[in-house]
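Residues per chain, in single letters:
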Amino acid sequence: MIAPSRFPPLLKVGVFPDPVEQALRDVFTLVELDELGLAGRPGHDEIAGIVTRSNYRISRELIDQLPGLRIISTNGVGYDGIPLDYARRKGVIVTNTPEVLNEAVAEMAVGLLLALLRHIPRADAFVKEGAWTTMPFPLGTTLAGKKVGIVGLGRIGKEIVKRLLPFRVEVAYFGRSRQDAEWMYFDDVNRLAAHADILILCCPGGPETYGMIDAGVLRSLGPSGFLVNIARGSVVNESDLYRALADRTVAGAALDVFNHEPLDASPLRRLDNVVLAPHVGSATRETRMQMAALAIDNLCRFFDTGSAVTPVP
Ligand code: NAP
């Protein structure tokens, strides 16, 4: 028999990997949205917290339906799916899991970049499907010597730079402000795109960056330019990107994030100059467990003391 939790019940929004869900269930009573108020299950007014992941949306309506809500804890660093100001007005604190995922996301960015430049997914299919005996494999692009433009030189961006420097690349960056960093700073994303051979997006999503990478920026990146997006799908105007890739006015793109996830009937899937991943930047066993541990710490600390470990600033 499971001992009752000393904490109030939480609403679970989103699907979690089994070990993460288990870790949460070891500490909390979790309730799915469609279970609320069913016989023997907590009702709307008993829910004091929401536990979610950063690729799910929390609506204002949901917040309104939970009069006892005090905390939303997301397993992830991005919080563009949470109506932050509205939650604050309602006295609801929002917490995320920064830092613990930096390395996994940076590894994924570098992996996607190499996969794109050297056609690694196509090379794998080429051998497995028996094409090797029938035709030559297309040449790839060398990373060494390229100019890499980082859009958003934050925690993850800096980890990406650390990993790319041994490949002998030149780094430049764009952000809202110049940092105390030795890399060339651009205060305009268009000018960074014109300067760079490779653009890596690692800024936050949300209204400020919505559609920032549009036809103009892609034109500046040019026909030998590559784009990697591990930030948020919303940062890119996806139809402009599709056009640029299909017309080869941009050489290629590697995308972990999309306007609508999971990606379904997108024309991007038909292109041979893209590498696509199902939003798995932080998806390693080790990292997801560290994220879960931090999300759980946030919830426990908040319920015990009224303040959290990593509240969204
Ligand atoms: P962070 O430390 O806050 O860094 C964000 C960077 O973006 C900062 O350098 C910031 O610099 C810059 N930035 C903020 N607003 C900007 C704007 N309007 N235009 C241009 N640059 C802007 O965040 P992080 O921990 O590195 O995470 C970055 C993002 O990665 C998250 O928000 C999330 O969306 C994404 N992410 C994706 C995955 C995945 O699975 N693919 C996993 C984790 C995170 P300034 O303040 O100087 O502008």
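The shown structure was predicted, so the numbers you read here are calculated from the model rather than taken from an experiment. In every chain, residue numbers begin from 1 and rise along the written sequence. Residue-level local features of this predicted model are given only where pLDDT is at least 70; pairs of side-chain atoms are given and counted only at 80 or more, and the full residue set underlies all totals for whole chains, interfaces and linings. Neither water nor hydrogens contribute to the side-chain values; these are computed over all heavy atoms in the structure.

Q: Before we move on, can you summarise the domain arrangement of the chain with the specific residues and values?
A: Throughout, the edges of the domains are those of an automatic or database domain assignment. Along its sequence, the chain is organised into domain 1 (10-100 + 285-305) and domain 2 (102-276). Whether two residues are in contact is decided by their heavy atoms, any of which lying within 4.5 Å being enough. Facing the nine residues of domain 1 at the interface are eight residues of domain 2. For the pair domain 1 and domain 2, the summed buried area comes to about 650 Å², and 40% of that belongs to carbon and sulfur atoms. On the domain 1 side of the interface with domain 2, the three residues burying the most area are Val77, Asp80 and Glu99, jointly 61% of the side's total. Should a side-chain nitrogen of Lys or Arg be within 4 Å of a carboxyl oxygen of Asp or Glu, the pair is scored as a salt bridge. Where domain 1 touches domain 2, the interface holds one salt bridge. The salt bridge partner of Asp80 is Arg232, with a shortest N-O separation of 3.0 Å. Counting of polar contacts relies on pairs of N or O atoms within 3.5 Å, with two restrictions inside protein: one atom must be capable of donating a hydrogen and the other of accepting it, and residues adjacent in sequence are counted only when both atoms are side-chain atoms. For the interface between domain 1 and domain 2, the tally reads three residue pairs in polar contact (both at pLDDT 80 or more). Two parts placed together each lose some accessible area; with a 1.4 Å probe, that loss summed over both constitutes the buried area.

Q: So what's going on with the nonpolar core? Residues and values would help.
A: Buried together is how nonpolar side chains tend to be arranged in soluble globular proteins. In this structure, Leu113, Ile150, Ile160, Leu164, Ile198, Ile200 and Ile230 are the most contacted members of the largest nonpolar core, which totals 33 residues. For this core, the secondary-structure elements that each account for two or more residues are α4 (102-117), β6 (147-151), α6 (155-164), β7 (170-174), β9 (198-201) and β10 (226-229). Labels follow the DSSP assignment, with helices taken as runs of H or I lasting at least four residues and strands as runs of E lasting at least two, numbered in each case from the N terminus. If one sorts the elements of this core by residue count, α4 sits on top with nine residues. Apart from the residues within four sequence positions on either side, Leu164 is in contact with Val110, Leu113, Leu143, Val148, Val169 and Ile200. Membership of the second largest hydrophobic core comes to 30 residues, among which are Ala193, Val236, Phe258 and Leu268. Among the buried residues, those of types Ala, Val, Leu, Ile, Met, Phe, Trp, Tyr and Cys that are joined through side-chain atoms within 4.5 Å form a nonpolar core. Accessibility here uses a 1.4 Å probe with only protein chains present; expressed as a share of the type maximum, an area under 20% marks a residue as buried, one over 50% as exposed, and anything in between as partly exposed.

Q: Lay out the site of the ligand with the relevant residues and their values.
A: In the vicinity of the ligand lie 27 residues, with Ile156, Arg176, Ser177, Ile230 and Asp256 positioned nearest. A distance of 2.9 Å is found between an oxygen atom of the ligand and a backbone nitrogen or oxygen belonging to Ile156. Contact distances for the ligand include 2.7 Å between an oxygen atom and a backbone N or O atom of Arg176. In short, Shrake-Rupley with a 1.4 Å probe defines the accessible areas, and a residue's cover is counted only from the protein chains shown. For the ligand, whose accessible area on its own is 920 Å², the fraction buried by protein is 88%. Gly counts as polar in this scheme, as do all residues outside two lists: the nonpolar Ala, Val, Leu, Ile, Met, Phe, Trp, Tyr, Cys and Pro, and the charged Asp, Glu, Lys and Arg. Residue composition of the shell around the ligand, by class: twelve nonpolar, ten polar and five charged. The criterion for a residue being near a molecule or strand is simple. One of its heavy atoms has to lie within 4 Å of it.

Q: Lay out the sheet that holds strand β4 (residues 71-75) with the relevant residues and their values.
A: Pairs of strands are assigned from DSSP output, requiring at least two bridges between the strands. Read from one edge of the open sheet, five strands run β2-β1-β3-β4-β5, paired in parallel fashion. If you trace the sheet from one side to the other, it starts and ends with β2 (30-32) and β5 (93-95), each paired once. Strand-to-strand, the axes of this sheet are offset by a mean angle of 25°, without reference to chain direction. In this sheet, strand β3 (residues 49-53) lies alongside strand β1 (residues 10-13) in parallel orientation, the contact comprising four bridges. The residue bridging Val13 from the neighbouring strand is Thr52, located in β3. Interaxial angles span 0 to 180 degrees and are taken between N-to-C directions of axes, which are lines fitted to C-alpha atoms, for helices over the stretch in contact. In the packing of helix α1 (residues 18-27) onto the sheet, contacts are made with β1, β2, β3 and β4, and the angle to β2 comes to roughly 120°. On top of the sheet, helix α10 (residues 285-305) reaches β1, β3, β4 and β5; it is set at about 170° to β4, its chief contact.

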